[in-house]
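# Summary of the model geometry
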Amino acid sequence: MIRVGIALGSGGIKGLAHIGVLKVIEKYKIPIDLISGSSAGALVGAFYIIRGLKFLEEFVLSTNLRKLFYFLKPSFKESLIDNRNIKKFLEDNLGKTKIEELDKKLFIVATDIKTGEPYIFESGPVVDAILASIAIPLIFKPVKIKNKYLIDGAFSMPVPVEILKNKGADLKIAVNLYTDEIKIEKKLSQLDILKNSLKIIQKNTAKIESQKADILIYPKFKKISFKNFNRQNFIKAGEIAAKRALKMLLPKITATADERPHGYMRIQN
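Here's a quick rundown of the structure.

Procedures and definitions
Residues numbered from 1 in each chain as written. Predicted model: local features only at pLDDT ≥ 70, side-chain atom pairs only at ≥ 80, totals over all residues. Heavy atoms only, no water. Core = buried A, V, L, I, M, F, W, Y, C linked by side-chain atoms within 4.5 Å. Buried < 20%, exposed > 50% of the residue type's maximum accessible area, 1.4 Å probe, protein only. Helix = DSSP H or I, 4+ residues; strand = E, 2+ residues; numbered from the N terminus. Contact = heavy atoms within 4.5 Å. Pairing = 2+ DSSP bridges. Axes fitted to C-alpha atoms, helices over the stretch in contact; angles between N-to-C directions. Parallel < 35°, antiparallel > 145°, perpendicular 65-115°, else oblique. Nonpolar A, V, L, I, M, F, W, Y, C, P; charged D, E, K, R; others polar. Phe/Tyr/Trp six-rings, centres within 6.5 Å; stacked < 30°, edge-to-face > 60°. Lys NZ or Arg CZ within 6 Å of the ring centre and 35° of its normal. Polar contact = N/O pair within 3.5 Å; in protein donor to acceptor, adjacent residues only side chain to side chain.

Let us now look at the nonpolar core. Ranked by size, the top nonpolar core spans 64 residues in total, and within it Ile6, Ile30, Leu90 and Phe121 carry the most contacts. Considering each element in turn, this core owes the most residues, 10 residues, to helix 9 (residues 231-253). Excluding residues within four positions of it along the chain, Leu90 makes contact with Leu43, Phe47, Gly95, Val127, Ile130 and Leu131.

See below:
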């Protein structure tokens, strides 16, 4: 029986596309045995396993931005956002579950700020792992674990495919959210140069890591702005990309479909 793994990449608000990808995977009864997540991907992966996809989608679509901003309470001491409110929010929704207690294998990626190497959580409290994985420098305070200071997983492994390979996945699916062309304005500020430089590094790293996957899912996004900020559109982008990719995925696993309890649905054109 083959083991299927999916790597949910980083990408900020575009991480909502992971919900769309997982919706299609569930609809077509693709069994997922392992999930690796970086930053936004870690957040979605944990909610998916612990609370389920229906809860996650309803929560994302129903939560108003005012309530969300309450949990993003400013700090201005060691970081822009106070980690304590985020931790309370996560514990209220995910409890104090440990990674090793989950019914699916979950691997969460953060980055060791001293070495730049990935730090892989495969045990310990889920909430602590998520806090480390989403710890964007200056926005969130680094998370201290075992004398290491950890920041956002996007800086070392934006699409964590290598983990799936190392942990025994026979078929590796990757969701890469770094698909947008990097926009260059006519007048570049120093901040624009810095932001674009980081985007280039992450995009190139994500591309290299994604090439290790057997199936690559590339959601396409419209220009993101406050005027067209629609959470459903991000989810839809993931659905469209997953359906396109699953036409290549299903032939790779249908040979062993009779070993799975429910078989697979075929995608209709």
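Here the narrative resumes.
Before going further, it helps to spend a moment on the pairing of strand 4 (residues 118-121). Covered by surrounding structure in strand 4 are Tyr119 and Phe121 only, the residues Pro118 and Ile120 on the alternate face being uncovered. Of the strand pairs in this sheet, strand 3 (residues 105-112) and strand 4 are connected by four bridges, and their pairing is antiparallel. Residue Ile108 lies in a different strand from strand 4, and its bridge partner there is Phe121. If you look at the hairpin formed by strand 3 and strand 4, you'll find five residues sitting between the two strands, and Gly116 has a positive phi there, around 80°.

We now examine the packing of helix 2 (residues 40-51) against helix 6 (residues 126-133). Packing of helix 2 against helix 6 brings their axes to within 9 Å, and their N-to-C directions diverge by 160°. Our classification of the angle between helix 2 and helix 6 gives roughly antiparallel. Contact residues: Ala42, Leu43, Ala46 and Ile50 in helix 2; Val126, Ile130 and Ser133 in helix 6. Classifying every residue of the contact of helix 2 with helix 6 gives six nonpolar, one polar and no charged.

Next up on the list: the environment of Phe121. Structurally, the position occupied by Phe121 is in strand 4. In the structure, Phe121 is positioned 13 residues away from Ile108 in sequence and 5.0 Å away in space, judged by C-alpha atoms.

Scanning the entire structure with this criterion turns up six aromatic pairs. Every member of this aromatic cluster is reached through a ring pair, and the members are Phe47, Phe55, Phe59 and Phe89. The lysine or arginine in question, Arg51, covers the ring of Phe55, its NZ or CZ lying 3.8 Å from the ring centre. It is Lys220 that lies over the ring of Tyr218; its NZ or CZ is 5.7 Å from the centre.

With that out of the way, let us pick up the side chain of Ser10. For Ser10, the location among the structural elements is in the loop between strand 1 (4-8) and helix 1 (17-27). Judged by relative accessible area, which is 1%, Ser10 ranks as buried. Of the polar contacts made by the side chain of Ser10, one reaches the side chain of Tyr178; its length is 2.7 Å. Excluding residues that lie within four positions of it along the chain, Ser10 makes contacts with Ser38, Ser39, Ala40, Ala154, Pro158, Leu177 and Tyr178.

Take it as geometry only, folks, not as evidence of what the structure does.
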